[in-house]
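A structural walkthrough
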Amino acid sequence: QVQLVESGGGLVQAGGSLRLSCALSGRTFSRYGMGWFRQAPGKEREFVARISRSTGTTYYADSVKGRFTISRDNAKNTVSLQMNSLKVEDTAVYYCAADGAAVEPPVVTWPSASRYEYWGQGTQVTVSS
C-alpha cells in the first residue's frame, strides 16, 4: 500500500519562502506522477502543481506560476514544492498526491483530483500579512 507523508509546512510572513516535501513508501516512486493540491478554509481543494514520472515535465496553476517550483528525487522517493514570494492567499492545507496511471496522462488532465489514487494527510501552510 502506498503511503505519502508531507512535511515542511509552517507559519511564514508574506514574501517569505517555504519548502514542502512528500515521501512516498510502499511502491516504486518512479511509477507515479506526483502532484500538489491545497485546500483553504471554506474552499474546495485546488490543484497547485504536478511533475511527470520520469521526464521532469511540470505544470502549474496560474496562481502559483513563477513563484512555486515542483521537483522530484526518484532516488530518495520524494517530491518537493519550493514556495517563494508567498502571499496571504496561499494559506491552506497542502496535500501531495500520487497518480499511478500505466501511461503518463495528457497534461490537460493533471489538475483533476480524481486522477490521483493516493493522498497524504496534508501539511498546514499559513502566510501572515
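Use the structure listed above.
This section reports on the structure supplied with the text.

The subject of this paragraph is the overall build of the protein chain. Across its full length, the protein chain carries zero helices and eleven strands. Along the protein chain, from the amino end to the carboxyl end, the secondary structure elements read β-β-β-β-β-β-β-β-β-β-β. Against the compact-globule benchmark of 14 Å for 129 residues, the protein chain has a radius of gyration of 14 Å, which places it among compact chains. With the C-alpha coordinates of the protein chain rotated into their principal frame, the extents come out at 45 × 25 × 25 Å. In the protein chain, buried positions account for 43% of the 129 residues.

On to the sheet that holds strand β7 (residues 68–73), then. Strand order across the open sheet formed by four strands is β1-β3-β8-β7, with antiparallel pairing between neighbours. Each edge of the open sheet carries a strand with a single partner, namely β1 (3–7) and β7. Taken over all neighbouring pairs, the strand axes of this sheet differ in orientation by 15 degrees on average, direction set aside. Here strand β3 (residues 18–25) pairs with strand β8 (residues 78–83) via six bridges, running antiparallel. If you follow Leu 18 over to β8, its bridge partner there is Met 83.

If charged atoms from side chains of opposite charge come close, those side chains can pair. According to the stated counting rule, one finds eight salt bridges in the structure shown. Note that Arg 38 and Glu 46 form a salt bridge whose closest N and O atoms lie 2.6 Å from each other. Its relative accessible area of 4% is what places Arg 38 among the buried residues. Its salt-bridge partner being Asp 90, residue Arg 67 comes within 2.7 Å of it at the nearest N-O pair. Pair noted here: Arg 67 is in the loop between β6 (58–60) and β7 and Asp 90 is in the loop between β8 and β9 (92–99), with a separation of 23 residues, a long-range link. Arg 67 gets classed as buried once you look at its relative accessible area, which sits at 11%. By relative accessible area, which is 0% here, Asp 90 ends up buried. A single network of salt bridges, built from pairs that share partners, joins Arg 50, Arg 53, Asp 99, Glu 104 and Arg 115.

With respect to the element layout, Ala 102 can be found in the loop between β9 and β10 (118–119). A C-alpha to C-alpha distance of 31 Å links Ala 102 and Ala 92, two positions ten residues apart in sequence.

The next subject is the nonpolar core. A general feature of soluble globular proteins is that nonpolar side chains tend to end up buried together. One finds Leu 4, Met 34, Trp 36, Leu 81, Met 83 and Tyr 94 to be the most contacted residues of the largest nonpolar core, which totals 36 residues. At the level of secondary structure, the elements contributing two or more residues to this core comprise β3, β4 (33–39), β5 (46–51), β7, β8, β9 and β11 (123–128). Among the elements that make up this core, the one with the highest residue count is β9 (five residues). Apart from residues lying up to four places away in sequence, Leu 4 is in contact with Cys 22, Ala 23, Leu 24, Met 34, Cys 96, Ala 97, Ala 98, Tyr 118, Trp 119, Gly 120 and Gln 121.

Cut-off values and rules
- Residues numbered from 1 in each chain as written.
- Predicted model: local features only at pLDDT ≥ 70, side-chain atom pairs only at ≥ 80, totals over all residues.
- Heavy atoms only, no water.
- Helix = DSSP H or I, 4+ residues; strand = E, 2+ residues; numbered from the N terminus.
- Rg over C-alpha atoms; globule rule 2.2 N^0.38 Å.
- Buried < 20%, exposed > 50% of the residue type's maximum accessible area, 1.4 Å probe, protein only.
- Pairing = 2+ DSSP bridges.
- Axes fitted to C-alpha atoms, helices over the stretch in contact; angles between N-to-C directions.
- Salt bridge = Lys/Arg side-chain N within 4 Å of Asp/Glu carboxyl O.
- Core = buried A, V, L, I, M, F, W, Y, C linked by side-chain atoms within 4.5 Å.
- Contact = heavy atoms within 4.5 Å.

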